[in-house]
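Fold and geometry: a report
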Amino acid sequence: MTKSRYPYAPDEFDAPAQQGAPVGVHRTPRSGWSKTWPFLLVAVVFAGLAYGGVALLSDNGATENPPQAQSTEPAAGETEAPPAEGTEEPPATEEPPATEESPVEETPAAPDLATLMAAADPSAYVRVLNDSGIGGEAGKGKDALDAQGFSNTVATDYPDGPAPVDVTTVWYVPDRGDTAAAVAATLGIPAENVQQVESLREGDVAVIIKSAITPVG
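Since this is a predicted model, take the numbers as computed values, not measurements. (Residues numbered from 1 in each chain as written. Predicted model: local features only at pLDDT ≥ 70, side-chain atom pairs only at ≥ 80, totals over all residues. Heavy atoms only, no water.)

1. Thoughts on a nonpolar patch on the surface
- Taken together, Trp37, Leu41, Val42, Val45, Phe46 and Leu49 make up a surface patch of nonpolar side chains, about 620 Å² in accessible area.
- Structurally, Leu41 is set in helix α1 (residues 32-61). (Patch = residues over 30% accessible without salt bridge, like charges linked within 9 Å, V, L, I, M, F, W, Y side chains within 5 Å. Areas by Shrake-Rupley, 256 points an atom, 1.4 Å probe, with all protein chains shown as cover. Salt bridge = Lys/Arg side-chain N within 4 Å of Asp/Glu carboxyl O. Helix = DSSP H or I, 4+ residues; strand = E, 2+ residues; numbered from the N terminus.)

The structure is reproduced here in structure tokens:
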């Protein structure tokens, strides 16, 4: 800007300074510390921020230790508090006693034919009566009894119509049970089909055949 266009009136500040005099406001020279501390402050602030960021990331990545279970057992020297009035402690449960297995009853073995024959009377009068409609069954039974040692046997048809039984049966008079058992075992007749009667028309033992028999031996 030229002096011709300067809009202000001249004053003391427009007068040129004397040779060697200071120009403008006098300022004290700055020390070295005043020039250094702003840089140090910036460095400290950045260092603090960096440390805080690292610590924050470390806390987020770390796993927390699980809380320890609180022991319910009383400490040494402490006693458990008694139950409150009106409350009952549940009764202690006992294991049910072990059940003992019932022993299996063994069915006694049926006596063999030799034992039955030893108790029988081979001289008893035994009649073998065929009521099966199958020819020769009475004779087959008589032959089997004779082979076992019976000496007084007769084979014939059942007289006077059908017998009042449905299965092959052995009848015997009192005191002839052992002989009847031996006769039934010889002819293959089940023991449950041996029956005592008050009397027979003839003989001591009568065999009524209703189906084919299977003598032993």
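Having put the structure on the table, let's press on.
2. Focus on the nonpolar core
- In terms of nonpolar packing, the biggest core is built from 22 residues, with Val170, Val183, Leu187 and Val207 touching the most fellow members.
- Mapped onto this core, the elements with two or more residues apiece are α2 (113-119), β1 (126-130), α3 (137-147), β3 (169-172), α4 (177-187) and β5 (205-209).
- Top contributing element to this core by residue count: α4, with five residues.
- If near-sequence neighbours (up to four positions away) are discounted, Val183 is found in contact with Val126, Leu145, Phe150, Val205 and Val207.
- Membership of the second largest hydrophobic core comes to seven residues, among which are Ala163, Val165, Trp171 and Leu200. (Core = buried A, V, L, I, M, F, W, Y, C linked by side-chain atoms within 4.5 Å. Buried < 20%, exposed > 50% of the residue type's maximum accessible area, 1.4 Å probe, protein only. Contact = heavy atoms within 4.5 Å.)

3. Notes on α4
- Burial in α4 covers these residues: Thr179, Ala180, Ala182, Val183, Ala184, Thr186 and Leu187.
- Among the structural elements, α2, β1, α3, β3, β4 (194-196) and β5 are those in contact with the buried residues of α4.
- Just beyond α4, the residue with positive phi is Gly188, at close to 75 degrees.

4. Comments concerning the pattern of salt bridges
- In total, this model carries six salt bridges according to the counting rule given.
- A salt bridge links Asp146 to Lys142; the nearest nitrogen and oxygen atoms lie 2.8 Å apart. Of this pair, Asp146 and Lys142 both sit in helix α3, four residues apart, which is roughly one turn of the helix.
- Overall, Asp146 belongs to the partly exposed group, its relative accessible area being 31%.
- Taking the shortest distance from any N to any O, the salt bridge between Arg176 and Asp204 comes out at 3.7 Å. With a gap of 28 residues between them, Arg176 in the loop between β3 and α4 and Asp204 in the loop between β4 and β5 connect regions that are remote in the sequence.
- Residues joined by salt bridges that share partners form a network here, namely Asp121, Arg176 and Asp204.

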